[in-house]
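Below are the chains, spelled out letter by letter.
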Amino acid sequence: MIYNIVTFLLTNKCNLQCPHCCIECSPQNNVVLDDKLVNQVISDLALNAKVDTIGISGGEAFLYPDKVLQMVQAINRAGKMPSVYTNGFWCGDYSEAYGMLYDLKDNGLRLLLTSVDEYHQKNIPIDNIKYLLNAANELGIPVKIHVSTTYSGMAENDRLISSLGLSKISASITTSAVYSVGRAADCIVKKDFISIKNLSQLKCSYDGMCSIDWNGDVHWCCTFCNKNMVLGNIQNENINVILNKFRKNKVFMCILTKGFAYLVEIIERNKIMSLNKYYVNGCELCNNIFENEDALEQLNRIL
């Protein structure tokens, strides 16, 4: 087992339609994971000693607050750490944010994740995030803030983070570059993506996490861009059986154990495929490789 975090993407529905969204969530989408299927997977993961955290995300999972609460309860009963992600649309005032988080913490919530950037804050008032953070601080719930950026958005993102003031005092803040996948490929101009020329500097952002999307597909990380990075579906197979398959993927294991520089050297030496001169991050390079079935076939023969 090489995973300690499994995250449910409960739904592809979101109250927002952000231009950078890699999985193209929107208010028009309406797929939601079946409750019985979710509960079965949580029960199966309870038997997996390697998995310690089960996350809930979307889309925007808090469009279904009752489901979020029930999942947190089930995850806690399974002896795992529940985490939830929200864009904070529902945090219209402090008491509302506090009340929701109080119930979630009382039922086992251990980690809260949210986003602050130019895309989300076009529609979500920054005060909502302050209420969310202040309530989490009061309740002692750890918070992680994710910032998605391009060249043109850096100044505004810095301003937004600064405007949080003391609300962000206990939060962990991570900034990552948007890359050309999903809706971003159509909505963001190429020159605005922050890219790296030296491919040996690219790193895999896999952090012991895999994801289960709203259709039940299990993705080998948090990237949902092509079918060659899907290792199974929880509607047809036990989640623990699927998780064990990941170790058998030679290309994935090469990236994890030897890094992109080693894999790029093999690709270029054997003229397996043409690589771009610039990539935003390891995720973009990884998707570039995994969308090429001929390249994957050759790499599996060589590795």
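Calculation criteria
- Residues numbered from 1 in each chain as written.
- Predicted model: local features only at pLDDT ≥ 70, side-chain atom pairs only at ≥ 80, totals over all residues.
- Heavy atoms only, no water.
- Core = buried A, V, L, I, M, F, W, Y, C linked by side-chain atoms within 4.5 Å.
- Buried < 20%, exposed > 50% of the residue type's maximum accessible area, 1.4 Å probe, protein only.
- Contact = heavy atoms within 4.5 Å.
- 1 Å grid on protein atoms, 1.4 Å probe; cavity = no way out; pocket = protein on both sides within 12 Å on 5 of 7 lines; lining within 4 Å.
- Points joined across faces, edges and corners; volume = space filled by probe spheres on them.
- Helix = DSSP H or I, 4+ residues; strand = E, 2+ residues; numbered from the N terminus.
- Nonpolar A, V, L, I, M, F, W, Y, C, P; charged D, E, K, R; others polar.
- Domains from an automatic or database assignment.
- Buried area = accessible area lost by both parts, 1.4 Å probe.
- Salt bridge = Lys/Arg side-chain N within 4 Å of Asp/Glu carboxyl O.
- Polar contact = N/O pair within 3.5 Å; in protein donor to acceptor, adjacent residues only side chain to side chain.
- Expected span 1.5 Å × (residues − 1).
- Arc of directions from axis to C-beta.
- Phe/Tyr/Trp six-rings, centres within 6.5 Å; stacked < 30°, edge-to-face > 60°.

You'll find the chain entered in an unreviewed UniProt entry as Molybdenum cofactor biosynthesis protein A, with Acetatifactor muris given as the organism.

Novice: Please provide a residue-by-residue account of the nonpolar core, values included.
Specialist: Counting 102 residues, the largest nonpolar core has Leu 101, Trp 220 and Phe 246 as its most contacted members. Residue contacts for Phe 246: discarding those within four places in its chain leaves Ile 2, Tyr 3, Val 218, His 219, Trp 220, Leu 231, Phe 252 and Met 253.

Novice: Help me get a handle on empty space enclosed by the protein, residues and values and all.
Specialist: All chains considered together, the criterion is met by one cavity of 30 Å³ or more. One number sums up the size of the largest cavity: a volume of about 100 Å³. Cys 204, Ser 205, Tyr 206, Cys 221 and Cys 283 are the residues nearest the centre of the largest cavity, which is lined by 14 residues in total. Going through the elements one at a time, α8 (250-269) and α9 (282-290) are the ones with two or more residues in the lining of the largest cavity. The element contributing the most residues to the lining of the largest cavity is α9, with four residues. Its residues assigned to classes, the lining of the largest cavity comprises ten nonpolar, four polar and no charged. Of the domains in this structure, domain 1 (5-246) and domain 2 (251-302) are the two that each give at least three residues to the lining of the largest cavity.

Novice: Describe the domain arrangement of the chain, naming the residues involved and giving the relevant values.
Specialist: It is common to report an interface's size as the accessible area lost on association of the parts. When its domains are assigned, the chain resolves into domain 1 (5-246) and domain 2 (251-302). Computed from C-alpha atoms alone, the centre-to-centre distance between domain 1 and domain 2 is 27 Å. Contact with domain 2 buries area across many residues of domain 1, yet Leu 199, Leu 202 and Trp 220 alone supply 29% of it, more than any other trio. Counting the contacts that link domain 1 with domain 2 gives one salt bridge. Taking the shortest distance from any N to any O, the salt bridge between Lys 227 and Glu 293 comes out at 2.4 Å. Viewed at the interface, domain 2 and domain 1 are joined by four residue pairs in polar contact (both at pLDDT 80 or more). For the side of domain 1 that touches domain 2, the class distribution of residues is 14 nonpolar, seven polar and three charged.

Novice: Any chance you could break down the layout of surface pockets for me, citing the residues and the numbers?
Specialist: For the second largest pocket, the calculated volume is near 250 Å³. Around the second largest pocket, the lining residues are Ser 180, Lys 190, Lys 191, Phe 193, Ser 195, Asn 276, Lys 277, Tyr 278, Tyr 279, Val 280 and Glu 284. For the lining of the second largest pocket, the per-class residue count stands at four nonpolar, three polar and four charged.

Novice: Describe helix α3 (residues 94-106), listing the residues and the values that go with them.
Specialist: Compared with an ideal rise of 1.5 Å per residue, which puts 13 residues at 18 Å, α3 spans 18 Å between its outermost C-alpha atoms and is within 8% of the ideal. Among the residues of α3, Ala 97, Leu 101 and Leu 104 are the ones counted as buried. Seen along its axis, α3 keeps its buried residues to an arc of 55°; they face one direction. Structural note: α3 exposes Ser 95 and Asp 106 on the side pointing more than 90 degrees away from its buried face.

Novice: Pulling in residues and values, what's your account of the packing of aromatic side chains?
Specialist: Under the criterion given, the structure shown has nine aromatic pairs. Pairing Trp 220 with Phe 252 gives two aromatic rings, centres 3.9 Å apart and planes at 55°, and the pair type is tilted. Of the two residues, Trp 220 is situated in the loop between β8 (217-219) and β9 (230-233) and Phe 252 in helix α8; the sequence distance between them amounts to 32 residues. We note that Trp 220, like Phe 252, is buried. For the ring pair Phe 246 and Phe 252, a centre distance of 6.4 Å and an interplane angle of 70° mean the geometry is edge-to-face.

Novice: Would you mind going over unusual backbone geometry in detail, with residue names and values included?
Specialist: With an omega of 25°, the peptide bond between Gly 58 and Gly 59 qualifies as cis. The topology assignment puts Gly 59 in the loop between β2 (53-57) and α2 (65-77). With a phi close to 55°, Glu 24 is a non-glycine residue in the positive phi region. Note that Glu 24 resides in the loop between β1 (5-9) and α1 (35-45). Given a relative accessible area of 42%, Glu 24 falls into the partly exposed group.

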